[in-house]
Amino acid sequence: MSESRFDVASIIQGYAQGYFLMADNTGDSLGWYSSRERTLIPLDERFRYPRSLQRVLNQERFTVAVNRDFEAVIEGCADRETTWISAELKDIYRSLHAAGWAHSFETWQGDELAGGILGLAIGGAFIGESMFFRIPDGSKVAMVKLVERLRERQFVLFDAQMMNPHLERFGAYIIGSRQYNTLLKQALKRQCSLED
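Note that residues are indexed from 1 along each chain, following the sequence as it is written. Per-residue local features are limited, in this predicted model, to residues with pLDDT of at least 70; the limit for side-chain atom pairs, both in listing and counting, is 80 or more; totals at the level of whole chains, interfaces and linings are taken over all residues. Side-chain measures here rest on the full set of heavy atoms in the structure, leaving out hydrogens and waters.

Peer 1: I'm lost on the side chain of Glu129 in this one. Help?
Peer 2: Every helix listed is a DSSP run of H or I at least four residues long, and every strand listed is a run of E at least two residues long, numbered separately from the N terminus. Mapping Glu129 onto the fold places it in strand β7 (residues 125-133). Exposure classes here rest on a 1.4 Å probe applied to the protein chains alone. A residue is buried below 20% of its type maximum, exposed above 50%, and partly exposed in between. For the charge count, each Lys or Arg is scored as positive and each Asp or Glu as negative, with His and the chain ends excluded. Whenever Lys or Arg places a side-chain nitrogen within 4 Å of a carboxyl oxygen from Asp or Glu, that contact is recorded as a salt bridge. Notably, Glu129 is buried but unbridged: the nearest opposite-charge side chain belongs to Arg38, and the N-O separation is 7.0 Å. In terms of polar contacts, Glu129 uses its side chain to reach the side chain of Tyr93, at 2.4 Å. Residues contacting Glu129, with those up to four places away along its chain left out, are Tyr15, Leu21, Trp84, Tyr93, Leu118, Gly119, Leu120 and Gln161. Any pair of N or O atoms that falls within 3.5 Å is considered a polar contact. Within protein, one atom must be able to donate a hydrogen and the other to accept it, and sequence-neighbouring residues count only if both atoms are side-chain atoms. Here, residues are in contact when the closest pair of their heavy atoms is within 4.5 Å.

This is the structure we're talking about:
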């Protein structure tokens with residue numbers, strides 16, 4: 001691929017074909033990846049969460065926002081011992097955000113950013129790239145509220161890319177690449193918006 005492989009149009013085309021961008025742990029090498037399996041967060045009745053989280057939601061301690069502080073969410077997601085979000089990838093996310101593709105779905109406690117999810121909205125697909133929290137339950141509440149938003153806005157899929165125990169608690173499940181690509185094609189026919 002040429003140098004232009006990381007311009008906005010090429011990146012959206014890559015994601016629309018089922019690929020995703022990732023840097024290695026050193027942050028030196030950024031490249032396209034695909035996987036034989038993808039992890040989805042269900043947008044139907046299979047979505048679930050612990051009862052303890054329902055109590056937190058009932059307390060309404062957090063408010064949600066879209067793109068209120070995109071930069072802080074990028075930094076929050078990258079702020080860990082080993083991260084695949086390199087400096088180059090941060091710049092790419094910023095470009096995608098400026099072009100209206102990348103979004104941060106955030107939880108706030110007063111004026112303090114509690115947690116957030118970084119992702120791309122392409123048609124009816126939300127492709128979650130990373131999440132983080134600064135206040136306990138911040139990212140969990142973001143997950144529940146984001147699923148509610150995606151349902152309201154008629155999104156077809158919420159791609160979480162790779163399974164982990166945290167996602168499993170929300171009912172995340174794995175599908176094969178063929179099934180994923182079929183769903184992705186359906187999603188790309190829709191025009192959905194994350195923002196109000």
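Peer 1: Quick question: what am I supposed to make of the sheet that holds strand β6 (residues 112-122) here?
Peer 2: Across a sheet, strands are paired by hydrogen bonds formed along the backbone, either parallel or antiparallel in direction. Only strands joined by at least two bridges in the DSSP assignment are considered to pair. The sheet built from seven strands is open, its strands ordered β4-β5-β6-β7-β8-β3-β9 with mixed pairing. Only two strands of the sheet have a single partner each, and these edge strands are β4 (63-66) and β9 (173-176). The mean angle between the axes of side-by-side strands here comes to 35 degrees, regardless of whether they run parallel or antiparallel. Where strand β3 (residues 37-41) and strand β8 (residues 157-161) come together, three bridges link them in antiparallel fashion. Across the sheet, the residue bridging to Leu40 is Asp159, located in β8. Angles run from 0 to 180 degrees between N-to-C directions of axes, and those axes are lines fitted to C-alpha atoms, restricted for helices to the stretch in contact.

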